[in-house]
Amino acid sequence: MADRPADKSPRTASGDPASGLSIVVPVYNEAPGLAHLHARLVEVARRLTSERGLAVEIVYVDDGSRDGTGQIAAGLPADAVDVQAITLSRNFGKEAALLAGLDHARFGAILFMDGDGQHPPALIETLVARWLDDGYDVVYTAKAHRENESWARRKLVHGFYWLINLGARQKIPEDAGDFRLLSPRAVAALRQLPERTRFFKGLASWIGYRQVRVDYEPAPRAHGQTTWDLRGLVGLSIDGLTAFSVAPLRVASVLGFVFAIVALLFGVQILIETLLFGGNVAGYPSLIVSAMVIGSVQLIMIGVLGEYIGKVLAELKGRPNYFVSERSLNTASAEAKPKTPARIKK
Ligand code: UDP
Ligand code: MG
């Protein structure tokens, strides 16, 4: 029975909300391209419903946009799919928007994708096939290559993943993006993780289950420009690292150890020189250099410690990651759709 084909028993059940698919799209100032993206998503959703009997909803999480993205999302037509529009009370950042989507999705499986057109809707069916036909729980996408990025950026990204995966049992795959599909049990697992400092890529990998990678070529942004600048990326990397891994603290211990050995060897050398050869050890330069090296390493490591203490403080305060100011649900099944979508009381 070694080469038994994968279990193809239908895991779809139209009408059963637990087994539908929620597509969560965080949007921040994406007004110009939203209607076009929605049309493409609806087209894919319609095929998923007709070919696989999969109920589909799209959840737009407006992360405090200032260009009316929220109102546009709330007014998008719900043909073939349900449309939820959730507006956060201010800009909380993409991680918080993803969490809001996770909290509000009504169907069992969730697919997360960007709202700027970089994650091709055409790939959704491939991801769904990996989930339904091949039985994978986490289908994540990765950039097929990074040739359009600078050498320095690629090296930095590489270093980041090396550090975050240092000694980790479940490695976070390099290049994996936030475009991914989670099966109902993976979604349930993700919902059980209580931490406030969220690093979605890391968490989705950490939960385990059957994970598979799908390569794709990111499209250019449909309009506008990326919200990430160097500062933002460095901030996200530090947050991701310290929220996820204690590797930086280990680096501190290892550095301390290395310096201790170097100091010991140096001390032995001085001792031998003085005792055996009666030499006069030159003091000034070596003193200054070692004081500076030790001083700066200590300051850096206090900073690293501070990052962890900051995380502990944030978890301790236990503030919500976001607040919802508006929420609307436009259901496809309603025969006469209301002109203004129903407001849901939270
Ligand atoms: N985004 C968000 N909140 C933010 C910044 C970005 O919800 O504070 C959304 C944005 O609308 C887009 C996705 O997150 O749908 C990815 O953002 P962006 O394209 O700027 O990032 P990049 O693709 O460059 O990584
Ligand atoms: Mg983008």
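Residues numbered from 1 in each chain as written. Chains lettered and ligands numbered in written order. Predicted model: local features only at pLDDT ≥ 70, side-chain atom pairs only at ≥ 80, totals over all residues. Heavy atoms only, no water.

### Structural notes on the overall build of the protein
Note the cut-off: Strands are runs of DSSP state E lasting at least 2 residues, helices are runs of H or I lasting at least 4, and numbering of each runs from the N terminus. Relative accessibility under 20% of the residue-type maximum defines a buried residue, over 50% an exposed one, and the middle range a partly exposed one, all with a 1.4 Å probe and only protein chains included. Note on definitions: a residue-residue contact is assigned when non-hydrogen atoms from the two residues lie within 4.5 Å. Residue burial considers only the protein chains on display, and all accessible areas are found by Shrake-Rupley using a 1.4 Å probe.
Scanning the protein for helices and strands turns up 10 helices and nine strands. Expressed as a percentage of the 346 residues in the protein, the buried residues total 41%. Considering only contacts in the protein between residues 6 or more positions apart, those separated by 24 or more positions represent 81%. For the protein, the exposed surface amounts to about 19,000 Å²; the carbon and sulfur share of it is 61%.

### Some details on the side chain of Glu57
For clarity, the cut-off: In protein, a polar contact requires one atom able to donate a hydrogen and another able to accept it; more generally it is a pair of N or O atoms within 3.5 Å, and residues adjacent in sequence count only if both atoms are side-chain atoms.
With respect to the secondary-structure elements, Glu57 resides in strand S2 (residues 56-62). A distance of 2.7 Å separates the side chain of Glu57 from the side chain of Ser22, its partner in a polar contact. Here Gln84 takes part through its side chain, which lies 3.1 Å from a polar atom of the side chain of Glu57. With near-sequence residues (within four places) excluded, Glu57 lies in contact with Leu21, Ser22, Ile23, Asp82, Gln84, His104, Ala105, Arg106 and Phe107.

### Here's the deal with the side chain of Ser183
Residue position: Ser183 is located in the loop between strand S6 (176-182) and helix H6 (184-192). Within polar-contact distance, the side chain of Ser183 engages the side chain of Asp137 at 2.6 Å. The contacts of Ser183, once residues within four sequence positions are left out, are Gly108, Ala109, Trp131, Tyr136 and Asp137.

### Structural notes on the pattern of salt bridges
Any two side chains of opposite charge can pair if their charged atoms end up close together. The test is simple: Whenever Lys or Arg places a side-chain nitrogen within 4 Å of a carboxyl oxygen from Asp or Glu, that contact is recorded as a salt bridge.
Counted according to the given criterion, the structure contains 13 salt bridges. Between Arg47 and Glu125 there is a salt bridge, with the nearest N and O atoms lying 2.9 Å from each other. Of the two residues, Arg47 is situated in helix H1 (residues 31-52) and Glu125 in helix H4 (residues 124-132); the sequence distance between them amounts to 78 residues. Here Asp239 ties to Lys311 by a salt bridge, and the two come within 3.0 Å at their closest N and O atoms. Taken together, the residues Asp239 in helix H8 (residues 230-244) and Lys311 in helix H10 (residues 284-317) connect sequence positions 72 residues apart. Salt bridges linked by common partners bring Glu43, Arg47 and Glu125 together as one network.

### Some words on the nonpolar core
As a rule of thumb, soluble globular proteins bury nonpolar side chains together. Rules: Grouping buried Ala, Val, Leu, Ile, Met, Phe, Trp, Tyr and Cys residues that are joined through side-chain atoms within 4.5 Å yields what is termed a nonpolar core.
Leu21, Val25, Tyr60, Leu111, Ile124, Val128 and Trp131 are the most contacted members of the largest nonpolar core, which has 38 residues in total. Here the element with the most residues in this core is H1; it accounts for seven residues. If near-sequence neighbours (up to four positions away) are discounted, Ile124 is found in contact with Ile23, Leu41, Val44, Leu48, Leu111, Met113 and Phe179. By size, the runner-up hydrophobic cluster in this structure holds 29 residues, among which are Phe92, Ala96, Ala176 and Val187.

### Brief notes about the packing of H1 against H4
Operational definition: Axis definition: a line fitted to C-alpha atoms, limited for helices to the stretch in contact. Angles are taken between N-to-C directions and run from 0 to 180 degrees. By convention the crossing between two helices is left-handed if the near helix lies anticlockwise of the far one by an angle smaller than a right angle, and right-handed if it lies clockwise. Gly is put with the polar residues, along with every residue not named as nonpolar or charged; the nonpolar set is Ala, Val, Leu, Ile, Met, Phe, Trp, Tyr, Cys and Pro, and the charged set is Asp, Glu, Lys and Arg.
Viewed as axis vectors pointing N to C, H1 and H4 meet at an angle of 35 degrees, and their least axial separation amounts to 10 Å. The handedness of the crossing between H1 and H4 comes out as right-handed. Two secondary-structure elements touch here, H1 through Leu41, Val44, Arg47, Leu48, Glu51 and Arg52 and H4 through Ile124, Glu125, Val128, Ala129 and Leu132. Residues belonging to the contact of H1 with H4 are distributed by class as follows: seven nonpolar, no polar and four charged.

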